[in-house]
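Examining the three-dimensional arrangement
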Amino acid sequence: MAATILIVEDEPAIQELISYNLRNNGFIVACAGSAEQAKIMVNDVLPDLILLDWMLPGTNGIDFARYLRQGARTKVIPIIMLTARVDESDKVSGLEVGADDYVIKPFSPRELVARIKAVLRRRLPEASDEIVETGGLKLDPATHRVTVTDRADKSKLIEVNLGPTEFRLLHYLMTHTERVHTRGQLLDRVWGDHVFVEDRTVDVHIRRLRRALEDVGKDDLIQTVRGAGYRFSYQCEVDIP
Ligand code: CA
């Protein structure tokens with residue numbers, strides 16, 4: 001589940017340097033040379049994060065960030081501003097329009113990648129490659145495996161067999177536990193933006209996910225909240241040794 005990063009940068013050499021490093025770190029990369037071009041791309045498909053250069057021809061980075069923050073569909077996209085400016089007041093205005101972080105040029109690609117990962121971990125935990133452990137389940141995005149420790153033999157791991165959609169659904173729920181997600185929210189976050197499927201689809205996949213978890217006695221983790229949606233919760237689960 002690699003995250004897609006949109007680089008908005010007008011200098012080809014920098015654009016290339018960044019995209020090379022991001023691809024090497026497993027990200028999917030899209031590039032735009034201007035805010036106008038980026039706007040068209042964002043309208044088409046929402047990236048998981050935008051790296052936004054401040055100084056751009058036409059609409060500048062700050063105005064584009066403001067535009068993104070005002071759109072119902074785009075307001076939650078994590079943004080990292082790139083800039084050659086070091087003025088403290090510029091930094092403040094960057095953060096005021098809602099940028100999540102701020103990287104000053106020249107930067108080391110390693111630092112940039114670390115910053116991107118930190119923002120994604122915070123804002124989009126389901127796009128991170130980090131292992132998630134909650135409610136007795138262990139989900140590894142890198143290997144696409146979900147395991148449970150065997151109750152009888154703690155040294156044994158039992159694998160939960162999931163289809164790709166159920167895996168993504170579980171990953172999202174495990175990184176956003178204890179809150180209720182409507183079917184619409186799950187469609188947006190798990191199936192993706194601009195995907196026109198019915199709410200019922202969510203129910204079908206929740207059912208499949210529960211069935212898979214039932215095999216390891218963990219189906220109680222996925223709760224139906226009447227009239228609202230679904231919740232991943234392990235608060236009331238008592239682990240009997
Ligand atoms: Ca520039």
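What you see is a predicted model, and the numbers here were worked out from it, not measured in a lab.

1. Details of the coordination of the calcium ion
Protein coordination of the calcium ion is provided by Asp10 (OD), Asp53 (OD) and Met55 (O), with donor distances spanning 2.1 to 2.3 Å. In the primary structure, the donors to the calcium ion are separated according to the pattern D-x42-D-x1-M. Here Asp10 is found in the loop between β1 (4-8) and α1 (12-24), whereas its partner Asp53 is found in strand β3 (residues 49-53), with 43 residues between them in sequence. On the basis of relative accessible area, Asp53 is assigned to the buried category, the value being 2%.

2. Looking at the packing of helix α6 (residues 164-175) against helix α7 (residues 183-191)
Two numbers describe how α6 lies on α7: the axes approach to 10 Å, and their chain directions differ by 110 degrees. Taken together, the axis directions place α6 and α7 in an arrangement best described as roughly perpendicular. The two elements α6 and α7 cross, and the hand of that crossing is right-handed. Packed against α6, whose contacting residues are Thr165, Arg168, Leu169, Tyr172 and Leu173, the element α7 presents Leu186, Arg189, Val190 and Trp191 at the interface.

3. Thoughts on the domain arrangement of the protein chain
Each assigned domain of the protein chain is listed here: domain 1 (4-127) and domain 2 (132-232). On a C-alpha basis, the centres of domain 1 and domain 2 stand 30 Å from each other. On the domain 2 side, the residues contacting the nine residues of domain 1 number seven residues. For the pair domain 1 and domain 2, the summed buried area comes to about 590 Å², and 47% of that belongs to carbon and sulfur atoms. Counting the surface domain 1 buries against domain 2, the share from its top three residues, Arg73, Pro125 and Glu126, is 71%. Between domain 1 and domain 2 we count one salt bridge in total.

Rules used throughout
Residues numbered from 1 in each chain as written. Predicted model: local features only at pLDDT ≥ 70, side-chain atom pairs only at ≥ 80, totals over all residues. Heavy atoms only, no water. Donors = N, O, S within 2.8 Å, 3.2 Å for Na, K, Ca; no water. Helix = DSSP H or I, 4+ residues; strand = E, 2+ residues; numbered from the N terminus. Buried < 20%, exposed > 50% of the residue type's maximum accessible area, 1.4 Å probe, protein only. Axes fitted to C-alpha atoms, helices over the stretch in contact; angles between N-to-C directions. Parallel < 35°, antiparallel > 145°, perpendicular 65-115°, else oblique. Left-handed = near helix turned anticlockwise from the far one by under 90°. Contact = heavy atoms within 4.5 Å. Domains from an automatic or database assignment. Buried area = accessible area lost by both parts, 1.4 Å probe. Salt bridge = Lys/Arg side-chain N within 4 Å of Asp/Glu carboxyl O.

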